[in-house]
Structures are given as C-alpha cells and as structure tokens.
Amino acid sequence: EPEVTQTPSHQVTQMGQEVILRCVPISNHLYFYWYRQILGQKVEFLVSFYNNEISEKSEIFDDQFSVERPDGSNFTLKIRSTKLEDSAMYFCASSEAAGVGYGYTFGSGTRLTVV
Amino acid sequence: GDSVTQMEGPVTLSEEAFLTINCTYTATGYPSLFWYVQYPGEGLQLLLKATKADDKGSNKGFEATYRKETTSFHLEKGSVQVSDSAVYFCALTLRGKLIFGQGTELSVKP
C-alpha cells in the first residue's frame, strides 16, 4: 500500500535554529498538508498546498514557517527560528483531491524537540 | 466555524467490553467524517469514514454511522481487545483540510 514518508523521525534542535522537516507524499496525490500535535493535545492544521502554492494556512502558520515542493517528490516544512513552543509532532499528509469523500494518508510523523 | 467535539478521556475498559466514543460536529455544509487511530508512538491511521448522511463506516470491528439529524458520528465496537488501546480522533473535512477533535484515549485491560 502506498505510504507517506517523513524524515527524520526525531529531531532535536537548539532554540533559534532553523529546521527542515521532509515528506515524500504518495506519488499520484495532488494535495499536501502539514499538521502539528503538541504532546497530549489535538491535531492542528497548519497548511495545505496545491499546484505549487499554499491554498490555506492557519493562524499558527506565521512568518517563521514556510513550505516548499523543491522537486517532483519532496514536500518540506521549514521553521526559520525555532521556539520552545514549536516542540511537537509534525505530520505530513497527502490526498488525491480536496473534495468531500477523498481520504488523507498521513506519514508517521517527525517529533521535533526544541531545547 | 467548523469544529468537532469528542467525549473526554481516558476511557478504561475491560477486554470484551462494549465501546462507545461520542463525537459531534458543527459544520456549515455536509462534511465527510472520519475516525483516525493513533497507537502509542505511531502516526495517524484512518480507521473508518463516511461521506454522507446515514452512511455507516466500518473496519476491524469498529463502526460509526453518520447522523445528520444529531450531527454525530459515534464510534462503537462490540468487544474491545487489549490491542485496541490507543487514542481515537474524530475528524471532518469540508473544504480540503481535516479538522480534528481533541482525541479520546482508550485503555483496555486484560
């Protein structure tokens, strides 16, 4: 079964450093997403991406965040200057389309710890 | 705005007990509804889904019925196993993004 692959599985970084979280979505999927889950809390939407541009972003997705699809396969989330409160599990997801009824496949996540 | 509310956890059951996890939603339109499961240390896995009113999603003995009149999508299983211990998330999608409930932790004791 096709999978969404995320790397690394764990990342520890110093506060103020830049991190890049990587995702390889399912190859025929067109919509890509990042979600975040702070430990013990709900899963929160960050951003959706389609046709090489952001289609929607949440209030959490401020200027320190950016996304990119640098080639035909990778989808990255960059956090420019990490803060302690950015510590969370970050999930990438992809879907074939954005309408109701289409499923989303999630990666297994990257656990980011900011120290 | 669109939102999902789940019953508070943790829920602790004995093996073979009946499970219900309540989920209600608020949406301006007719969303698709999902249950995702997160096993300890793992990512989110789709458990089941329903795309229109009165649809019943089912998988691995779990069931949920899309009830438009009560805006609910309660998760049920007739006989839980220790291996069902996980966090369960109810979610909806209407315009692309998924909106999740807060999650309900289920612990099943032998």
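About the cut-offs
Residues numbered from 1 in each chain as written. Chains lettered and ligands numbered in written order. Predicted model: local features only at pLDDT ≥ 70, side-chain atom pairs only at ≥ 80, totals over all residues. Heavy atoms only, no water. Helix = DSSP H or I, 4+ residues; strand = E, 2+ residues; numbered from the N terminus. Rg over C-alpha atoms; globule rule 2.2 N^0.38 Å. Contact = heavy atoms within 4.5 Å. Areas by Shrake-Rupley, 256 points an atom, 1.4 Å probe, with all protein chains shown as cover. Lys, Arg positive; Asp, Glu negative; His and termini not counted. Charge placed at Lys NZ, Arg CZ, Asp CG, Glu CD. Salt bridge = Lys/Arg side-chain N within 4 Å of Asp/Glu carboxyl O.

Draft legend 1. View of the overall build of chain B. Helix and strand content of chain B: zero helices and twelve strands. Expected size for 110 residues packed as a compact globule is a radius of gyration near 13 Å; at 13 Å, chain B falls within 12% of this value. By principal-axis analysis of the C-alpha atoms, chain B measures approximately 40 × 25 × 20 Å. Expressed as a percentage of contacts within chain B between residues at least 6 apart in sequence, the contacts between residues at least 24 apart total 56%. Looking at chain B as shown, the accessible area adds up to about 5000 Å², and 49% of this sits on carbon and sulfur atoms. With 10 positive and 12 negative side-chain charges, chain B shows a separation of 8 Å between the mean positions of the two kinds.

Draft legend 2. Quick peek at the pattern of salt bridges. Per the stated rule, a full pass over the model turns up five salt bridges over all chains. With a closest N to O distance of 2.9 Å, Lys97 of chain B and Glu56 of chain A form a salt bridge. Of the two residues, Lys97 of chain B sits in the loop between strand E10 (86-93) and strand E11 (98-100) while Glu56 of chain A sits in strand E6 (residues 53-57), which places them in two different chains.

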